[in-house]
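# Residue-level structural notes
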Amino acid sequence: MEPQGPNADAKGPGWRDMAGSSFDGMSPDGIASPVLAALHTLHHQHRGPCGGAVATYIPELAKADPSLFGISLATVDGHVYEVGDSRHEFTIQSISKPLVYGLVLADHGRDHVVTKVGVEPSGDAFNSIIFDEKGNRPFNPMVNAGAIATTALIDGASPEERLARIVDLFGRFAGRPLAIDHEVFLSERETGHRNRAIAWLERNFGMIDAQIDEHLDLYFQQCSILVTACDLAMMAATLANAGVNPKTGERVLAPHHVRDILSVMNTCGMYDYAGTWSFDVGLPAKSGVGGGIIAVLPGQFGIGTFSPPLDDRGNSCRGLRVCQALSEVFNLHVFAVSPSPLTVIRNQYRATRVHSKRLRSAPERAVLDRFGDEVCIYELQGDLYFASMERLLRDLDGGLEGVCYVILDARRVGRIDASARRLLNRLHEALADQGKRLLLSGLPASLLSLLREEAELPWPDESWFEDEDTALEWCENRLIAAHIPASRRPVGPLPLAAIEIFACLTTDELAAVQTIVEEVRYCAGERIIREGEQADCFYVVRSGSVIVRLDLGPEKRMKRLAAIGPGLCFGEIALFDGGHRSADVVADEETSCYRIPVERLAQLTGAYPDIRAKLLFNIGRELSARLRSATGEIRALEGLGDP
Ligand code: GLN
């Protein structure tokens, strides 16, 4: 049915109309919200007479004010937009049906539930008295017959307990406790003869058990729960968010039950208008004779509208038009929205080109230059699901010659669905077969445990890393261990003479330096340098390891800029400009350092004029090597080839 009445030609306002809204959509901090402005424009365009009539077959509903009109949109991260009478309470009516269907799916499982209530659109009105005779069941849970049979399946020891479960569930969907409008309940209980007839027929066919009055009372009560357009939007957003309420973070229903609910909403939610609705608007939806409509765009947001006048199919006139216009202007049709699997690989490089933040000695660098191609890093982005995983697997296939370690960095990955987890586990097995290791970084802990639980081949302990940098460092350490014999690696604290920057000092010069260095020890976690301090000395690590890090503020974690081990120096800017420290340095483990005060080094210059120049030269060479390597990394990270 096409929208009728004075606003019929207002269907599908263009972007320009939205922008030219009478409301500027300013948020409290003064930034215009185009989304809110669009809702205001729609509200403005459709608030006039709409041609429908409020429901009167439930006498209490006839009292509704036909001019009430509210729109709300809630995103899957819990942001709520609302305009008009979005906080006015009204009864949920048939929008209760998909929610109770979810409760019953959770109670009994879908296999049992489909034997009792079908999933076929009836093409009939909401209160139709026809049944699926072959299956001896109502056609679907969205028409009254199906909804009554669904309610009859709710578990609970007493009518009170069963009702409490419904009210509690709806409250968890809305993110706030809800109550029943007893006037409306009693009014429908008194006059709901047609629903009573449906229930008795169902009893006659053996579709429901004998407690007919109890089931009907429950059904009338579930329909009489008071909600607002904002509540409906949050309920719809919970469905859009695969069953987790975006406001409270609580899982209300399992994702597979939500999928089943959305399926029947899509095919049956708008009764005998469902086909046209699905064709035009393309959002799983449900309406109620109280004037509410919910519409869901899975993965994105939920809409709740409220306006009591109904069309002859029992759907809110203004609600229909608002959903239709929103869908059209913002291209929301579920079949018009598709994810893009082709951008899953953000970047890909080898450990020859990008190094971990651990500074390496010259021999270690030589190993990484020679063997770094054995480590391959993939930075992934977006969601991982069947098609994006397939894209990644195709890239890996054939591209891993000579590679021993594959790091998949998931720091920029959003959702990872069950099929992606399955494929990741398969990849882990396939690589293990070829003697390669798969390492994952940046995955949330909850996903890691799922992945592990589902694995047929157990993952080695060292497969998970907090970030790409620590994963890369682990691989580098393995390469270094494999290619530098233990006998050539330093044991115990290094003597001054074994330190690269002191190379080419004469024996006398070294002895002189020895007189001014202080040996200092730090325990794990101890701060050695504080950001902002005056830089008056520099350090060389004798044993252990230190971390240069930036403190990103109380809420955020520390950012590791460099990790420095034995033989390497830090804090050397003291030698150059003596300015303020630019980052914190803390001991990563029990660490011993040489501390060289710059002033005392200067005092040596009289007797040993070359020391300073030699040190500056060595440090300068070290810094330029780091700079060259940093430039190479930027090239690789920007996806540029070798010069
Ligand atoms: N309580 C109403 C009834 O059963 C619900 C119908 C509806 O909202 N479409 O008649």
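So, here is what we can say about the structure in this document. (Residues numbered from 1 in each chain as written. Predicted model: local features only at pLDDT ≥ 70, side-chain atom pairs only at ≥ 80, totals over all residues. Heavy atoms only, no water.)

### A look at the packing of aromatic side chains
The test is simple: Only the six-membered ring of Trp is used, alongside the rings of Phe and Tyr, when aromatic pairs are assigned; centres must lie within 6.5 Å, and planes under 30 degrees apart are stacked while those over 60 apart are edge-to-face, with the rest tilted. The buried label goes to any residue with under 20% of its type's maximum accessible area, the exposed label to any with over 50%, and the partly exposed label to all in between, with areas taken from a 1.4 Å probe on protein chains only. A helix here means a DSSP run of H or I that spans at least four residues, while a strand means a run of E at least two residues long, and both kinds are numbered starting from the N terminus. Remark: a charge is flagged as sitting over a ring if the NZ atom of Lys or the CZ atom of Arg is within 6 Å of the ring centre and within 35 degrees of the ring normal.
This structure, assessed with the given rule, holds 9 aromatic pairs. Centre to centre, the rings of Tyr219 and Phe220 are 5.9 Å apart; their planes meet at 55°, and the pair counts as tilted. Assigned by exposure class, Tyr219 and Phe220 land together as buried. Relative to Trp474, the ring of Tyr405 lies with its centre 6.0 Å away and its plane at 90°, an arrangement referred to as edge-to-face. Taken as a pair, Tyr405 in strand E10 (residues 405-416) and Trp474 in helix H18 (residues 468-483) lie far apart in primary sequence, 69 residues in all. Residue classification places Trp474 among the buried residues on the basis of a relative accessible area of 12%. One Lys or Arg, Arg318, reaches over the ring of Phe69 and ends 5.5 Å from the middle of that ring.

### Considering empty space enclosed by the protein
Using the following cut-off: A cavity here means a set of 1 Å grid points, computed over protein atoms only, where a 1.4 Å probe fits but cannot escape. A pocket is an open set with protein on both sides within 12 Å along at least 5 of 7 lines, and lining residues have an atom within 4 Å of a point. Grid points are joined across faces, edges and corners, and a volume is the space filled by probe spheres set on the points. For this classification, Asp, Glu, Lys and Arg are treated as charged, while Ala, Val, Leu, Ile, Met, Phe, Trp, Tyr, Cys and Pro are nonpolar and the rest, including Gly, are polar.
As enumerated under the stated definition, the model contains 5 cavities of 30 Å³ or more in all. There is about 40 Å³ of room inside the second largest cavity. In terms of lining, the second largest cavity is formed by Tyr57, Gln93, Ser94, Phe126, Asn144, Glu188, Asn195, Tyr219, Cys223 and Val289. Grouping the constituent residues of the lining of the second largest cavity by class yields 5 nonpolar, 4 polar and 1 charged.

### Focus: the sheet that holds strand E18 (residues 569-570)
We count it as follows: Strands qualify as paired when DSSP identifies two bridges or more between them.
With respect to topology, 4 strands assemble into an open sheet ordered E13-E20-E15-E18, the strand pairing being antiparallel. Only two strands of the sheet have a single partner each, and these edge strands are strand E13 (518-522) and E18. Bridging between E13 and strand E20 (residues 591-597) involves 5 bridges; their strand directions are antiparallel. Bridge pairing in E20 places Arg521 opposite Ser592.

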